[in-house]
Amino acid sequence: QVQLVESGGGLVQAGGSLRLSCAASGRTFSNYAMGWFRQAPGKEREFVASISGGGGSTYYKDVVKGRFTISRDNAKNTVYLQMNNLKPEDTAVYYCAAGMNVRIFDSWGQGTQVTVSS
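Engineer: Any chance you could explain the overall build of the protein chain here in plain terms?
Structural biologist: When helices and strands are counted, the protein chain shows 0 helices and 11 strands. Traced from its N-terminal end to its C-terminal end, the protein chain shows the element sequence β-β-β-β-β-β-β-β-β-β-β. The C-alpha atoms of the protein chain give a radius of gyration of 13 Å, which matches the 13 Å a tight globule of 118 residues would have. Taken over 118 residues, the protein chain has a buried fraction of 45%. In the protein chain, of all internal contacts separated by at least 6 residues, the share reaching a separation of at least 24 is 55%. Here the protein chain contributes 12 positive and 8 negative side-chain charges, whose respective centroids are spaced 4 Å apart.

Take a look at the structure:
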């Protein structure tokens, strides 16, 4: 498995931006598809975005398209989630995940809190 550590969460006003980072260690980073998920209070964890190992393919939850951008730097073993025009409904704990393809993830970080105030 790969070990994942998220950072970059915080409190931001609606319309603001945050960039989440997820540092990975353990095995060859470029072999893994990476994803971001989130879980709001009282709700199930949901998919936000994913990116293939080489970075050539990306996927997004419809409600974040055009506002969030997932990217990766394989030389730094890091995946990012740039979040712009944040909305209160984006408030959640955001989790980084790794897997062998962009649909199935089996390694998870501890999560980072994102709070968007109105």
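Engineer: It is not clear to me how unusual backbone geometry should be interpreted in this structure. Could you clarify?
Structural biologist: Across the chain, the bulk of peptide bonds are trans and the bulk of non-glycine residues have phi less than zero. Phi is positive for Asn77, close to 55°, though the residue is something other than glycine. Among the residues examined, Asn77 registers a relative accessible area of 27% and is labelled partly exposed. If you check the backbone angles, Asn85 has positive phi at about 50° while not being a glycine. Turning to its location among the elements, Asn85 is positioned in the loop between β8 (78-83) and β9 (92-99). Residue Asn85 is classed as partly exposed on the basis of its relative accessible area of 42%.

Engineer: Hey, could you run me through the sheet that holds β8 in this one?
Structural biologist: Across a sheet, paired strands are connected by hydrogen bonds in the backbone, their directions being either parallel or antiparallel. Across the sheet, 4 strands lie side by side as β1-β3-β8-β7; this open sheet has antiparallel pairing. Single-partner strands in this sheet number two, and they are β1 (3-7) and β7 (68-73). Strand-to-strand twist of the sheet, defined as the mean angle between neighbouring strand axes without regard to direction, takes the value 15°. Both β1 and strand β3 (residues 18-25) contribute to a ladder of 5 bridges, which runs antiparallel. Note that in β3 the partner of Leu4 across the bridge is Ala24.

Engineer: Just checking my understanding: could you explain the pattern of salt bridges for this structure?
Structural biologist: Side chains carrying opposite charge are able to pair once their charged atoms draw close together. Taken as a whole and assessed by the stated rule, the structure comprises 5 salt bridges. The shortest N-O distance in the salt bridge between Arg38 and Asp90 comes to 2.9 Å. Taken together, the residues Arg38 in strand β4 (residues 33-39) and Asp90 in the loop between β8 and β9 connect sequence positions 52 residues apart. Note on Arg38: relative accessible area 6%, which makes it buried. Between Lys65 and Asp62 there is a salt bridge; the shortest N-O distance is 3.1 Å. Its relative accessible area of 60% is what places Asp62 among the exposed residues. Each of Arg38, Glu46, Lys61, Arg67 and Asp90 takes part in a single network of salt bridges with overlapping partners.

Thresholds, definitions, all that
- Residues numbered from 1 in each chain as written.
- Predicted model: local features only at pLDDT ≥ 70, side-chain atom pairs only at ≥ 80, totals over all residues.
- Heavy atoms only, no water.
- Helix = DSSP H or I, 4+ residues; strand = E, 2+ residues; numbered from the N terminus.
- Rg over C-alpha atoms; globule rule 2.2 N^0.38 Å.
- Buried < 20%, exposed > 50% of the residue type's maximum accessible area, 1.4 Å probe, protein only.
- Contact = heavy atoms within 4.5 Å.
- Lys, Arg positive; Asp, Glu negative; His and termini not counted.
- Charge placed at Lys NZ, Arg CZ, Asp CG, Glu CD.
- Pairing = 2+ DSSP bridges.
- Axes fitted to C-alpha atoms, helices over the stretch in contact; angles between N-to-C directions.
- Salt bridge = Lys/Arg side-chain N within 4 Å of Asp/Glu carboxyl O.

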